[in-house]
Amino acid sequence: MPQALAQRTVDARSARRARGFPPEASILLVLIGLALTFELLGWILVRQSFLLNEQRLVVMILQVSVIGIIAVGVTQVIITGGIDLSSGSVVAVTAMVAASLAQSSDAVRAVYPSLTDLPVLVPVMAGLAVGAAAGLANGTLIAYTSIPPFIATLGVMVSARGIAKWYTHGQPVSMLTDAYADIGGGAVPVMIFLGTALIFHIALRYTRYGKFTYAIGANPQAARISGINVAGHLIVVYTIAGTLSGLAGIVTSARAVSGQAGMGMMYELDAIAAAVIGGASLAGGVGRITGTVIGTLILGVVTSGFTFLRIDAYYQEIVKGAIIVAAVIADQYRHRASRKRA
Amino acid sequence: MRSLATDAPDGCLLQVSNLSKAFPGVVALDDVSLRVKRGTVHALIGENGAGKSTLMKIIAGVYTPDAGELRLRGNAVHLSSPRQALQNGIAMIHQELNLMPFMSVAENIWIGREPVNACGLVSHRELRRRTRALLERLGVDIDPQAEVRTLSIARRQMIEIAKALSHESELLIMDEPTSALTERDAEHLFAIIRELQAQGKSILYITHKMDELFEIADEVSVLRDGRYIGTASPLDLTRDELIRMMVGRELSQVFPRAPARAGAVVLSARALSLEPQFYDISFDLHAGEILGIAGLIGAGRSQLAKALFGLTPASSGQVWMEGCEVKLDSPRAAMSRGMAFVTEDRKETGCFLGLSVLENLEIAVLEGDFVRCGFVRTRAVTQACAAMSRLLGVKTPDLHERIENLSGGNQQKVLLGRWLLTRPKILILDEPTRGVDVGAKAEIHQLIARLVAEGTAVLMISSEMPEILGMSHRIMVMHEGRVTGILTREQADQVKIMDLAAR
Ligand SMILES: Nc1ncnc2c1ncn2[C@@H]1O[C@H](COP(=O)(O)OP(=O)(O)OP(=O)(O)O)[C@@H](O)[C@H]1O
Ligand SMILES: [Mg+2]
């Protein structure tokens, strides 16, 4: 009897330890493994270090910052059991609208000739508003009709891309003010990415907003009975995701110092991939911002690693696809193992 | 059919020896041995979390044991999947329903075994015919083509039973099959069990309802804390002796009826209707009373509860609270008026299965003192939840365990705790002790009685006659969506209630 009891306490302790092991740990190992692989291949193939190059690391994170900002929003949508396919198109619309309000007086054919050299806050607020509006459209469609999120956001994706093209009839918007361009300069995009990640990491873990988001994803019916305004909450989540896509659009246009209707093409898929690699489950109720950040970095390492090794872009995409699928398989395996423990 | 000759010499169909199984933090089974004879009904009882379901899942190939051996007809077997168990003649009705809501009854029952016609396509006519025959045998009137999600939970339970029967297996495991059934359906099930028994099949039967043991079981085995306590014939034991074996101590079996000291009316319903679920329902609910609602399946009791809580609001009629007419059109509105609702279906509308016990407990109280500027005061909430979990005696390694891993009865306690944390003035309970063991049931009854004594008004739907009769101050009986009578505690007895419920 005492022995059985002792056995039980030991089991309980090991269980706690197993649970205390964050789920991101495995994905962090993948990130480190990939980085070290490129390091090794770098010495063998091009006789250079992959990691010991500050500039390369900065560029690497810069490249994925925009995806990362979107992924922070998409993660929240995925936790509710939904999906957002519209992010990439929303990036394009916001890039166009924000850029059109950020043109300097040197612009030859400004979109709004009377509205040049505006303070930088104007295009920024306009961009965020456009993103929020797109998110609101997604959220309202999903909350008040029975259209599945996949279809609703697919519709918004197509329409938003159309609006981006219609806005200037396909003409790029250029000659932006220096103040606006600064948003995309230096390490600013990285700061924005990590800042939003931190904010929503805290929101998901420590606020009522976060608790409700997980509850809705885990069981929407039970959430409603527990007094959660499920429709209202979904609208908030999709609007946040849309606003973050808007923010990504601002950063994208600032970095390019122009707005183009083709911007953000397929970004939604990269963002979803980052979230899923980071452990978010499309079934809902599961996902963390820390995982998504690591997932984003994995995408960054793969992209810049291949460029570093001077391997064709075609191969990059093939391998990227394989990594996404492998990550999800590994994740499912982990889930099954933790569920059955048999 | 496999012949009796291949059995072990002593007529034993299944022999379980020295089985152990641990999950992180819990030893679910510890050196358990059990023998099931051919042609008998072998009942298995024990407290919530005693390991009954785990043992059954091992026999049905869902889990693999850490140690021990299974012998079927004298031969050692290794069952690594439910499919393999089925091939060996073992079928199981799980404690939680596992049906596909968007598929028809027939498709659910015969999935993977659909009859095919000459062209190799599924023959829907044959499918329907077989399903109808099967359901007829069970004495239930369900359309084989109905989508499962449109059926009540009791109906779904009958479909699970039909599905298990359709395998024509030699050992049928039933994990609390009657917890969602009314007594009449249960009677049907017992008749079928006796029929199967007469055909020489064996049944392993888990229940928390003591009366059932004496009605159908040939042998009873008791598990406690994952250990095997003993096997006996129910004829040789009294109910109290069995309970003592289960819980290891004496237990009072009297219902803790709060004194009938009904206070002011806290809720009155007037002519509530939601056709075709219920019609013209009127009643008053007093502070400090338990109003029981009795009735058969489909009587509209749960629908009425859902309407009162604002889930599917009534289409006509009024609800008055504290002298004003109120509009209860969402759960939020009902909650803000001090109502709480423990639903009947743990899996579908109760638990957040992927989340932890803590997250399941706290979700309805994330407001007021527990939240500051949108931030949850984690320490305060965790303390309150830990206290509630202790009060209810929830068996879990810690509050961060996923609720999915708790035994059914313990999940039920967590759901009750979720609503008790909101300190409700009006507590609506739909089958509050479903799947809860005798000991815990008595504790929950005591807790309800204490709340009522403090002035809480309770509306309790229950299909368990002793619970309804034992706890309620007044009993409202419903039949096909209408109230057929409201009896006082003194007037009510089983015959009168059944009479009003089945008229
Ligand atoms: N998959 C699992 N992971 C972790 N723990 C589990 C798992 N399944 C069961 N347990 C634990 O094993 C113990 C036995 O559970 P089991 O479901 O067998 O109880 P039970 O006797 O069927 O109870 P009930 O009467 O409440 O249904 C419980 O403490 C439970 O929490
Ligand atoms: Mg069980």
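Residues numbered from 1 in each chain as written. Chains lettered and ligands numbered in written order. Predicted model: local features only at pLDDT ≥ 70, side-chain atom pairs only at ≥ 80, totals over all residues. Heavy atoms only, no water.

What to know about the overall build of chain A
As a reminder of what qualifies: Put simply, DSSP H or I for four residues or longer makes a helix, DSSP E for two residues or longer makes a strand, and each gets a number counted from the N terminus. For a compact globule the rule gives 2.2 Å times the number of residues to the power 0.38, and the radius of gyration it is set against comes from C-alpha atoms. Burial here depends on accessible area, computed with a 1.4 Å probe over protein chains only, as a share of the maximum for the residue type. Under 20% is buried, over 50% is exposed, and the range in between is partly exposed. Contact definition: two residues touch when any of their heavy atoms are within 4.5 Å. We get accessible surface area from the Shrake-Rupley algorithm with a probe of 1.4 Å; when it comes to residues, only the shown protein chains can shield them. The convention is simple: Lys and Arg are positive, Asp and Glu are negative, and His and the chain ends are not counted. The atoms used to mark charge sites are NZ of Lys, CZ of Arg, CG of Asp and CD of Glu.
A count of helical and extended segments in chain A gives 14 helices and zero strands. Counting from the amino terminus, helix and strand elements in chain A follow one another as α-α-α-α-α-α-α-α-α-α-α-α-α-α. The globule rule puts the C-alpha radius of gyration for 342 residues at 20 Å, and the 22 Å found for chain A is close to it. For chain A, the C-alpha atoms occupy an extent of roughly 85 × 60 × 30 Å along the three principal directions. When burial is assessed residue by residue, chain A has 51% of its 342 residues classed as buried. Considering only contacts in chain A between residues 6 or more positions apart, those separated by 24 or more positions represent 78%. Of the accessible surface of chain A, which amounts to about 15,700 Å², a share of 68% is contributed by carbon and sulfur atoms. Of note, chain A has its 23 positive side-chain charges centred 17 Å away from the centre of its 14 negative side-chain charges.

What to know about the interface of chain B and chain A
To be explicit about the condition: A carboxyl oxygen of Asp or Glu within 4 Å of a side-chain nitrogen of Lys or Arg is what we treat as a salt bridge. Here a polar contact is recorded for every N or O atom pair within 3.5 Å, except that within protein the pair must consist of a potential hydrogen donor and a potential acceptor, and residues adjacent in sequence are included only if both atoms are side-chain atoms. Three classes are used, and their members are as follows: Ala, Val, Leu, Ile, Met, Phe, Trp, Tyr, Cys and Pro are nonpolar, Asp, Glu, Lys and Arg are charged, and the others, Gly among them, are polar.
Facing 45 residues of chain B, the contacting portion of chain A comprises 31 residues. Remark: the boundary between chain B and chain A carries one salt bridge. Residues B:Glu362 and A:Lys211 are paired through a salt bridge, measuring 3.0 Å at the closest nitrogen-oxygen approach. Where chain B touches chain A, the interface holds nine residue pairs in polar contact (both at pLDDT 80 or more). For the side of chain B that touches chain A, the secondary-structure elements that each account for two or more residues are strand E1 (12–23), strand E2 (26–37), helix H10 (331–336), helix H11 (346–350), strand E18 (375–376) and helix H14 (408–420) of chain B. Partitioned by chemical class, the residues of the side of chain B that touches chain A number 21 nonpolar, ten polar and 14 charged.

With respect to the packing of helix H5 (residues 121–144) of chain A against helix H11 (residues 230–256) of chain A
Residue and element names in this part refer to chain A. Going by this rule: Angular values range over 0 to 180 degrees, each being the angle between N-to-C directions of two axes fitted as lines to C-alpha atoms, with helices fitted over their stretch in contact. For any helix crossing, the convention is left-handed if the near helix is rotated counterclockwise from the far helix by under a right angle, and right-handed if that rotation is clockwise.
For the pair H5 and H11, interaxial distance at closest approach is 6 Å and the crossing angle is 145°. Crossing of H5 against H11: the hand is right-handed. Looking at side-chain class alone, the contact of H5 with H11 contains 13 nonpolar, ten polar and no charged residues.

Side note on helix H4 (residues 124–138) of chain B
Residue and element names in this part refer to chain B. Filter applied, for reference: In this scheme, a helix's expected span is set at 1.5 Å multiplied by one less than its residue total. Picture the helix axis, draw a direction to every C-beta atom, and the arc is the one those directions span.
Helix length check: H4 (15 residues) gives 21 Å between terminal C-alpha atoms against 21 Å at 1.5 Å per residue, within 8%. Where H4 is concerned, the buried positions are Leu127, Thr131, Leu134, Leu135 and Leu138. The buried residues of H4 occupy an angular sector of 95° when the element is viewed end-on, so they sit on one face. Residues of H4 that are exposed and point over 90 degrees away from its buried face: Arg125 and Glu136. Among the structural elements, helix H3 (105–110), helix H5 (153–166) and helix H6 (183–198) are those in contact with the buried residues of H4. Positive backbone phi, at 70°, marks glycine 139, one or two positions downstream of H4.

Some details on the packing of aromatic side chains
Residues and elements named next belong to chain A. Quick note on the threshold: By convention, a stacked pair of Phe, Tyr or Trp rings (six-membered ring in the case of Trp) has centres within 6.5 Å and planes under 30 degrees apart, an edge-to-face pair has planes over 60 apart, and any other such pair is tilted.
Per the stated rule, a full pass over the model turns up seven aromatic pairs over all chains. Consider the rings of phenylalanine 38 and phenylalanine 50, whose centres lie 5.5 Å apart with planes at 45°: the pair is tilted. Linking phenylalanine 38 in helix H2 (residues 24–46) with phenylalanine 50 in the loop between H2 and helix H3 (54–79), this pair joins segments that are twelve residues apart in sequence. Judged by relative accessible area, phenylalanine 50 falls into the buried class, the value being 0%.

Quick word on the coordination of the magnesium ion (ligand 2)
Residues and elements named next belong to chain B. To be explicit about the condition: Donors, by definition, are the N, O and S atoms found within 2.8 Å of a metal, the threshold being 3.2 Å for Na, K and Ca, and water is not counted, so a site can look incomplete.
The magnesium ion (ligand 2) binds to the protein through Ser53 (OG) and Gln95 (OE1); the donor distances cover 1.9 to 2.2 Å. With a gap of 42 residues between them, serine 53 in helix H1 (residues 52–59) and glutamine 95 in the loop between strand E6 (90–93) and H3 connect regions that are remote in the sequence. Comparing serine 53 with glutamine 95, the two get one shared label, buried.

Focus on the pairing of strand E12 (residues 278–286) of chain B
All names here are of chain B. Counted only if it meets this: One requirement defines pairing of two strands: DSSP has to find at least two bridges between them.
Across six bridges, strand E11 (residues 265–274) lies against E12 in antiparallel orientation. By the bridge assignment, leucine 272 is partnered in E12 with isoleucine 281. Taken together, E11 and the strand that follows it, E12, pair antiparallel across an intervening segment of three residues.

Let's talk about the pattern of salt bridges
Residue and element names in this part refer to chain B. Counted under the stated rule, the structure contains 24 salt bridges over all chains. For arginine 227, the salt bridge identified is with aspartate 30, shortest N-O distance 3.4 Å. In this pair, arginine 227 is assigned in strand E10 (residues 227–232) and aspartate 30 in strand E2, connecting sequence segments 197 residues apart. With its nearest N and O atoms 3.1 Å apart, the salt bridge here joins glutamate 367 to arginine 332. In this pair, glutamate 367 is assigned in the loop between helix H12 (357–362) and strand E17 (371–372) and arginine 332 in helix H10, connecting sequence segments 35 residues apart. Within this structure, Arg38, Arg73 and Glu170 form a network of salt bridges that share partners.

What to know about the nonpolar core
Generally speaking, nonpolar side chains in soluble globular proteins are found buried as a group. Put simply, the rule is: The nonpolar core is taken to be a set of buried Ala, Val, Leu, Ile, Met, Phe, Trp, Tyr and Cys residues, with the residues joined through side-chain atoms within 4.5 Å. Domain ranges listed in this record stem from an automatic or a database domain assignment.
Counting residues in hydrophobic clusters, the biggest one holds 157 residues, and the most contacted among them are A:Ile298, B:Leu267, B:Phe283, B:Leu304, B:Leu308 and B:Met339. Top contributing element to this core by residue count: H11(A), with twelve residues. Split by domain, the residues of this core number at least three in each of domain 2 (251–338 + 424–503) and domain 3 (351–416) of chain B. The contact partners of B:Leu267, leaving out residues within four places of it in the chain, are B:Phe283, B:Asp284, B:Leu285, B:Leu308, B:Val319, B:Trp320, B:Met321, B:Met339 and B:Ile426. Grouped together as the second largest cluster of nonpolar side chains are 36 residues, B:Ile93, B:Ala154, B:Ile159 and B:Tyr205 included.

Things to note about the domain arrangement of chain B
Residues and elements named next belong to chain B. Filter applied, for reference: Defined in terms of a 1.4 Å probe, buried area is the accessible area two parts forfeit on being brought together, summed over both.
What the domain assignment lists for chain B is domain 1 (12–247), domain 2 (251–338 + 424–503) and domain 3 (351–416). The straight-line distance from the C-alpha centre of domain 2 to that of domain 3 is 26 Å. The interface of domain 2 with domain 3 comprises 13 residues on the first partner and eight residues on the second. Taking both sides of the interface into account, the surface hidden between domain 2 and domain 3 amounts to around 760 Å²; carbon and sulfur atoms contribute 66%. Area buried by domain 2 at its contact with domain 3 is led by Met335, Ile444 and Leu447, which between them contribute 38% of it. The interface formed by domain 2 and domain 3 contains one salt bridge. Taken together, the links from domain 2 to domain 3 amount to two residue pairs in polar contact (both at pLDDT 80 or more). Those elements that place two or more of their residues in the side of domain 2 that touches domain 3 are H10 and helix H15 (438–453). The greatest single-element share of the side of domain 2 that touches domain 3, amounting to five residues, is contributed by H15.

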